[in-house]
Amino acid sequence: MTHTSANDTIAERLQQLECIALQLETPATDRKTVTDAVIHYAENFLDSLEDKKAYVISEEKGAGITSLPVSESGHDIRTLLHLLETQVDEPGLNPASGGHLGYVPGGGVYYSALGDFLADVTNRYAGIFFASPGAVRMENMMIEWLAGFLGYPETCGGNLASGGSIASLIAIVTARDAMEVKARDIERSVIYLSPQVHHCLYKAIRIAGLHECIVRHLPLDERFRIRPNKLAEQIAKDKADGLKPWLVIASAGTTDTGAIDPLTEIAGIAKKENLWFHIDAAYGGFFALCDQGRELLKGMDLSDSIVVDPHKGMFLPYGLGAVLVKDRKKLMASHYYIANYMQDAHRGADIDSPADLSPELTKHFRGLRMWLPLQLLGVQPFRAAVEEKMLLARYFHNEISQWENMEVGPTPDLSVVVFRYVPTSGDADAFNQAVMDRVLQIGRF
Ligand SMILES: *Cc1c(COP(=O)(O)O)cnc(C)c1O
């Protein structure tokens with residue numbers, strides 16, 4: 001075959017393929033049909049939130065989603081939205097509902113969804129400054145805004161990750177490298193944390209190859225907070241035994257009780273003993289937006305790294321957790337990489353790129369899901385919402401403290417209230433489990 005006739009064959013096949021492949025580039029009229037249907041669905045969903053259950057018990061548990069297998073040709077949008085409604089958006093937990101009792105609910109600030117929509121339509125590549133300088137500046141600007149109310153310097157480094165767990169992993173890896181914990185030292189290296197610490201930190205420690213470190217669970221006070229003098233004693237003892245203390249993790253709002261560890265005291269000990277100080281503020285950090293919260297959370301600025309979750313404290317839809325590291329060079333030292341096919345990416349960039357500050361290269365442009373609601377609404381409603389949650393928790397705590405047979409935990413610092421009903425006879429745990437099961441059956445509190 002000559003080159004010409006070979007290319008004729010290719011050209012013929014290309015024509016056939018193009019006709020089919022062009023479906024991926026949806027024409028405007030089809031786009032409108034599907035977009036309209038999706039918006040209609042979204043509006044219905046939002047309009048019915050007030051009445052919808054926060055939890056739906058179902059026999060099928062969404063199994064119907066597999067009744068429509070992936071096939072060579074596509075399906076009508078109405079068919080797909082119906083499946084989504086009945087199999088996905090019905091069963092289980094509805095995070096956006098206001099009717100929760102015992103679980104950590106999510107938010108779902110709507111403008112964030114529009115930010116995601118725009119990020120996906122324009123598909124800007126926010127990994128590297130060279131590729132999308134504006135997108136990278138926007139992400140860095142969000143980190144700077146967080147730094148502002150967390151008390152971190154403008155010169156810190158940070159990253160918008162997919163959630164608190166990945167953000168924590170980035171912090172732990174940075175700490176490991178900054179403290180020069182080498183493989184040969186691991187079995188003698190000591191990590192200090194609260195038994196109330198979120199399990200994602202154990203995961204981060206393991207994934208970072210540090211599970212053979214010695215982990216000290218510190219004694220807590222009556223409000224489930226680390227006792228700093230016990231930390232100091234344990235470090236002194238470990239040092240005397242020839243061990244290498246290197247990391248202390250505190251929580252600014254634990255998941256179980258909302259407890260805030262004594263951050264300033266712990267920071268003082270960490271500094272004196274030359275330990276990396278990490279704070280998990282995934283849940284609690286945003287309470288610093290209001291005056292009462294800022295007072296309670298004093299000392300967050302004294303850490304070496306900190307994690308906050310905009311998909312918790314800013315009520316954004318899931319998919320955004322942030323890590324901040326005070327010394328940006330340390331964050332970068334653990335995460336930058338130079339590949340020869342990316343020679344242009346690093347030319348003349350004096351602006352930090354997310355790809356150098358996290359394990360990700362190609363990534364979702366997450367800045368937009370935070371920037372759009374913040375810029376449309378301003379900070380004020382976010383500030384008001386966190387103060388409102390704190391006051392609601394206090395109000396609730398004050399009320400139920402008056403109730404007979406109600407066993408009530410400590411006055412809440414943030415928005416978690418611990419309580420249970422102790423019946424005059426019978427097992428209290430079984431009784432409260434029955435109450436919870438009943439609440440789930442009813443589906444809304
Ligand atoms: C939710 C939470 C995490 C984990 O964050 P994800 O975003 O769920 O990965 C870590 N720490 C605390 C205190 C949390 O509340």
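As a reminder, the structure under discussion sits directly above these lines.
Residues numbered from 1 in each chain as written. Predicted model: local features only at pLDDT ≥ 70, side-chain atom pairs only at ≥ 80, totals over all residues. Heavy atoms only, no water.

**Quick look at the site of the ligand**
Argument step 1. The ligand sits among 13 residues. The nearest are Gly-164, Ser-165, Asp-280, Asp-309 and Lys-312.
Argument step 2. Ser-165 is positioned such that a nitrogen or oxygen atom in its side chain is 2.6 Å from an oxygen atom of the ligand.
Argument step 3. Within the contact set of the ligand, an oxygen atom lies 2.9 Å away from a side-chain nitrogen or oxygen of Lys-312.
Argument step 4. Here the ligand has 380 Å² of accessible area as a free molecule, and 84% of this is covered by the chains. (Near = heavy atom within 4 Å. Polar contact = N/O pair within 3.5 Å; in protein donor to acceptor, adjacent residues only side chain to side chain. Areas by Shrake-Rupley, 256 points an atom, 1.4 Å probe, with all protein chains shown as cover.)

**Points about the pattern of salt bridges**
Argument step 1. Per the counting criterion, the structure on display carries 22 salt bridges.
Argument step 2. The closest approach of N and O atoms between Glu-273 and Lys-272, which form a salt bridge, is 3.5 Å.
Argument step 3. On the accessibility criterion, Glu-273 (17% relative accessible area) is buried.
Argument step 4. Among the ionic pairs, Asp-429 bridges to Arg-420, the shortest N-O distance being 2.9 Å.
Argument step 5. On the basis of relative accessibility, which here comes to 51%, the residue Asp-429 falls in the exposed class.
Argument step 6. Residue class for Arg-420 comes out partly exposed when judged on its relative accessible area of 29%.
Argument step 7. Several salt bridges share partner residues, and in doing so they unite Lys-239, Lys-272 and Glu-273 into one network. (Salt bridge = Lys/Arg side-chain N within 4 Å of Asp/Glu carboxyl O. Buried < 20%, exposed > 50% of the residue type's maximum accessible area, 1.4 Å probe, protein only.)

**Description of the sheet that holds strand S5 (residues 214-217)**
Argument step 1. If you walk across this open sheet you meet the 7 strands as S3-S9-S8-S7-S6-S4-S5, and the pairing is mixed. One side of each edge strand has no neighbouring strand; the edge strands of this open sheet are strand S3 (157-161) and S5. Pairwise comparison of adjacent strand axes, ignoring direction, gives a mean angle of 15° for this sheet.
Argument step 2. When strand S6 (residues 244-251) meets strand S7 (residues 276-280), the two strands line up parallel, connected through 5 bridges. Each residue of the ladder has a partner; that of Ala-250, found in S7, is Ile-279.
Argument step 3. Sitting on the sheet, helix H6 (residues 164-178) touches S3, S6, S7, strand S8 (305-308) and strand S9 (321-325), and the angle it makes with S9 is about 20°.
Argument step 4. Together, strand S4 (189-193), S5, S6 and S7 form the strand contacts of helix H7 (residues 199-207), whose direction differs from that of S4 by roughly 165°. (Pairing = 2+ DSSP bridges. Helix = DSSP H or I, 4+ residues; strand = E, 2+ residues; numbered from the N terminus. Axes fitted to C-alpha atoms, helices over the stretch in contact; angles between N-to-C directions. Contact = heavy atoms within 4.5 Å.)

**Topic: the side chain of Gln-87**
Argument step 1. Along the polypeptide, Gln-87 turns up in helix H3 (residues 77-88).
Argument step 2. On the basis of relative accessibility, which here comes to 12%, the residue Gln-87 falls in the buried class.

**Considerations on the environment of Thr-9**
Argument step 1. Positionally, Thr-9 belongs in helix H1 (residues 3-21).
Argument step 2. With 329 residues separating them along the chain, Thr-9 and Ile-338 place their C-alpha atoms 41 Å apart.
Argument step 3. Here the side chain of Thr-9 touches Ser-5 through a polar contact of 3.0 Å, landing on its backbone oxygen.

**Some remarks on the nonpolar core**
Argument step 1. Core analysis: the biggest nonpolar cluster contains 52 residues, and Leu-146, Phe-277, Met-300, Leu-324 and Met-370 have the highest contact counts within it.
Argument step 2. No other element matches helix H5 (residues 133-150), which puts 6 residues into this core.
Argument step 3. Filtering out sequence-adjacent residues up to four positions away, Phe-277 remains in contact with Val-248, Ala-250, Leu-263, Ile-266, Ala-267, Ala-270, Leu-302, Ser-303, Asp-304 and Ser-305.
Argument step 4. Counting residues in each nonpolar core, the second largest holds 30 residues, with Ile-186, Leu-193, Ala-204 and Leu-331 among its members. (Core = buried A, V, L, I, M, F, W, Y, C linked by side-chain atoms within 4.5 Å.)

**Observations concerning the packing of aromatic side chains**
Argument step 1. Scanning all chains against the criterion turns up 6 aromatic pairs.
Argument step 2. Measuring from ring centre to ring centre gives 5.5 Å for Phe-149 and Phe-286, while their planes differ by 45°; the resulting arrangement is tilted. One end of the pair, Phe-149, is in helix H5; the other, Phe-286, is in the loop between S7 and helix H10 (291-296), and 137 residues separate them in sequence. With respect to burial, Phe-149 and Phe-286 carry one shared label: buried.
Argument step 3. Members of the aromatic cluster, connected to one another through ring pairs, are Trp-145, Phe-149 and Phe-286. (Phe/Tyr/Trp six-rings, centres within 6.5 Å; stacked < 30°, edge-to-face > 60°.)

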